[in-house]
Amino acid sequence: MKLSTLRRTSGLAFFAAVALTLAACSSSSSSSPATPPATSPSSPAASPSAPASGSAAASGGVYNIGLITPEGNIDPLTTANFNTMFIVGLASAQLIIESPTGKLEPQLATSWTPSANKLSWTIALRPGLKFSNGQSLTANDVVSTFNSIISPKSQSPAQSSFAGIVKSVAASPDGQSVIFTLDQPYSDFPYLLTGANTWVLPAGFNANNWINDPVGAGQFILQKYTAGEGVTYTKNPYYWDASAVKLSGIDAKFYSDDQSELLAFQAGQIDQITSDPTVVAALGTNYRQEREGYAKFDGLVFNVTKAPFNSQNVRQAVAWALNRQAIVQTAYSGDATVGDDYATFPDYGVQPQGVPVREQNDAKVKQLLDGQTISFTITTYQGEQTLAELVQQELDATGSFNVKLDVMTEAAYYAGTTVSPWLDAPVTITDWADRLPAQLYSLMYAAGSSWNASHYADSQLGTLNTEYEATTSSTQRQSLANQIAQIEWTDVPVIITAFMENDIYLSNAVQGTFPNGQDFSGGFDFRGISVAS
């Protein structure tokens, strides 16, 4: 499934987290350079054996954030909800994190190197790592964590990101590295390690009891969790880069809904809020806005097995009928980049070239439909209602379509497993989080994928995606990306009108710029941030 990033989007993206990347059920997510670096230098590390005192870092103040009250147990391995991910992520750390521009950054790992045959990756660990309780963090802890994720019995949403890719995980003979053996070459493999639910836990740790014993290797230590009220954190002196963390702590307050959180931000009770149309309208330019990468796209999905959407002409006609610039301005308040119907986020390193840009073209619509008027219903959930109504208005305005809406509750839209409205209705709108193009292919277009709501499959597309991940040649990857995008654009099983940006508003007291965004893929990174008195 999908996974929402910093925005509190509803839908499948909010329910499950296929780690990305990379983004899956994005943050965040996700992006990648043309050829992933075989290795990356480590950053200067604080000495874990000599932790700073609590008062040594108090000059940065306490940062206040708002979260929607989480429901259910908080388990680092299984949580699929943004709010609980934030709670876990502040106190936890991954091997690698990803910047909003798609650059891999070292975290617990210092380098990542593929074998000559590309069938394994060696992840070198930072020396002297420790968990927040002072216990050493070793290769065995990493192995234990990822074996829990990839186990056939795993309940982790991240399992699907590694399925069919990772064969086994083992510590190196010297115990300084972890070796991931793959089923097949996968050039973007390091990005999978930035995904949701990939925080390293102590070996043998009971993740289901984490909230009562919140051990992690992140920038902060969870000091107190009060159900229905909030969470308090203090700086973690054992964090590998503790000297770069200026804040003395973070206070997270729980709110019942987005409106309550907006009022709290306006009252100065919290230091940040996610940008969305309501927030933009209320705040305007009175506060600093910071861009944190991309959050998602909302796909208009056709079930290609059902008439009239088994016709490529009909699908293309819908695509040509939409005013994408108007959708960006109205549905996303301008905080989005226009999409062109191929599943490559704008922050991914290999951008398709040579694919025609679709703009609204009524003459093209009439030509493709040959004078027909197409009637159909778009099925979606309440979180997508604004976009659905706009699409309905634009299509009806052409005179070539007669569109109705079936807006369901979120629970009803995703109800069922093998049979579900979001999987079986003729036309749906569903959100997908930022992740790698190859991941999106395996979830959205691959034959047999349980999340292939379009029921579309193309053998050539599958072959090209396999070839893409098997090569590290930048020239070949560009050529393959062009061919993949052209097939998606031509067959158009899913219309992608826009990629929504991940922006936040900050109070005027916040000093500094977030180095890697505020999402699981960026490690919920607060290094360099402080709050003025």
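Predicted model only: the values in this text are computed from it and were never measured.

Below, the discussion takes up the packing of aromatic side chains. Any aromatic ring pair is given by two values, namely how distant the centres are and how the planes are angled relative to each other. The final tally for this structure, using the stated rule, is 25 aromatic pairs. Centre to centre, the rings of Phe146 and Phe180 are 5.2 Å apart; their planes meet at 85°, and the pair counts as edge-to-face. On the criterion of sequence distance, the pair formed by Phe146 in helix H3 (residues 139–150) and Phe180 in strand S7 (residues 177–182) is long-range, its members being 34 residues apart. A centroid spacing of 5.8 Å and a plane angle of 45° characterise the contact between Tyr381 and Tyr414, whose relative ring orientation is tilted. Placement of Tyr381 in strand S14 (residues 374–381) and of Tyr414 in the loop between helix H12 (410–413) and helix H13 (421–424) is noted, with a sequence separation of 33 residues between them. On the basis of relative accessibility, which here comes to 0%, the residue Tyr381 falls in the buried class. The class for Tyr414 is buried, based on a relative accessible area of 12%. Members of the aromatic cluster, connected to one another through ring pairs, are Trp121, Phe146, Phe162, Phe180 and Phe189. Across from the ring centre of Tyr468, 4.3 Å away, lies the NZ or CZ of Arg477, which sits over that ring.

The 4 strands lie next to each other as S1-S10-S9-S8, forming an open sheet whose pairing is mixed. Strand pairing shows two members of the sheet lacking a second neighbour, strand S1 (62–68) and strand S8 (220–226), which therefore form its edges. Taking the axes of each pair of neighbouring strands and ignoring which way they run, one obtains an average angle of 20° across the sheet. As judged from the 5 bridges shared by strand S9 (residues 230–235) and strand S10 (residues 249–255), these two strands associate in the antiparallel manner. Looking across to S10, one finds that Thr234 is bridged to Gly249. Packed onto the sheet, helix H2 (residues 82–89) meets S1, S8, S9 and S10 and runs at close to 150° relative to S1.

The geometry of helix H8 (residues 312–321) relative to helix H10 (residues 362–369) is characterised by a closest axis approach of 8 Å and an angle of 165° between their N-to-C directions. The angle between H8 and H10 falls in the class roughly antiparallel. The chirality of how H8 crosses H10 is left-handed. Across from Asn313, Val314, Gln316, Ala317, Trp320 and Ala321 in H8, the residues of H10 making contact are Lys364, Val365, Leu368 and Leu369. A class-by-class count of the residues in the contact of H8 with H10 yields 7 nonpolar, 2 polar and 1 charged.

The strand order across the open sheet formed by 4 strands is S4-S5-S7-S6, and the pairing between neighbours is antiparallel. Looking at the sheet topology across the chains shown, the edges are occupied by strand S4 (109–114) and strand S6 (166–171). Direction aside, the axes of adjacent strands within the sheet are offset by 15° on average. Of the strand pairs in this sheet, strand S5 (residues 120–125) and S7 are connected by 5 bridges, and their pairing is antiparallel. Counted as the bridge partner of Ala124 is Ser177 from S7. Packed onto the sheet, H3 meets S5, S6 and S7 and runs at close to 160° relative to S6.

It is worth spelling out the confidence of the model for the chain at this point. Interpretation of the predicted coordinates at a detailed level should be avoided for regions scoring low in pLDDT. The predicted model of the chain averages 87 in pLDDT, with 89% of residues at 70 or higher. pLDDT under 50 marks residues 1–58. Its contacts with residues more than four places away, or in other chains, come to 288 contacts.

This structure, assessed with the given rule, holds 8 salt bridges. Here Arg358 and Asp341 are joined by a salt bridge, their closest N and O atoms 2.7 Å apart. Highlighted residues: Arg358 in the loop between strand S13 (336–338) and H10 and Asp341 in the loop between S13 and H10, separated in sequence by 17 residues. For the pair Arg358 and Asp341, a shared accessibility class is recorded, and that class is buried. The shortest N-O distance in the salt bridge between Arg527 and Asp525 comes to 2.8 Å. Given the relative accessible area of 15%, Arg527 is considered buried.

Calculation rules
Residues numbered from 1 in each chain as written. Predicted model: local features only at pLDDT ≥ 70, side-chain atom pairs only at ≥ 80, totals over all residues. Heavy atoms only, no water. Phe/Tyr/Trp six-rings, centres within 6.5 Å; stacked < 30°, edge-to-face > 60°. Helix = DSSP H or I, 4+ residues; strand = E, 2+ residues; numbered from the N terminus. Buried < 20%, exposed > 50% of the residue type's maximum accessible area, 1.4 Å probe, protein only. Lys NZ or Arg CZ within 6 Å of the ring centre and 35° of its normal. Pairing = 2+ DSSP bridges. Axes fitted to C-alpha atoms, helices over the stretch in contact; angles between N-to-C directions. Contact = heavy atoms within 4.5 Å. Parallel < 35°, antiparallel > 145°, perpendicular 65-115°, else oblique. Left-handed = near helix turned anticlockwise from the far one by under 90°. Nonpolar A, V, L, I, M, F, W, Y, C, P; charged D, E, K, R; others polar. pLDDT = per-residue confidence, 0-100. Salt bridge = Lys/Arg side-chain N within 4 Å of Asp/Glu carboxyl O.

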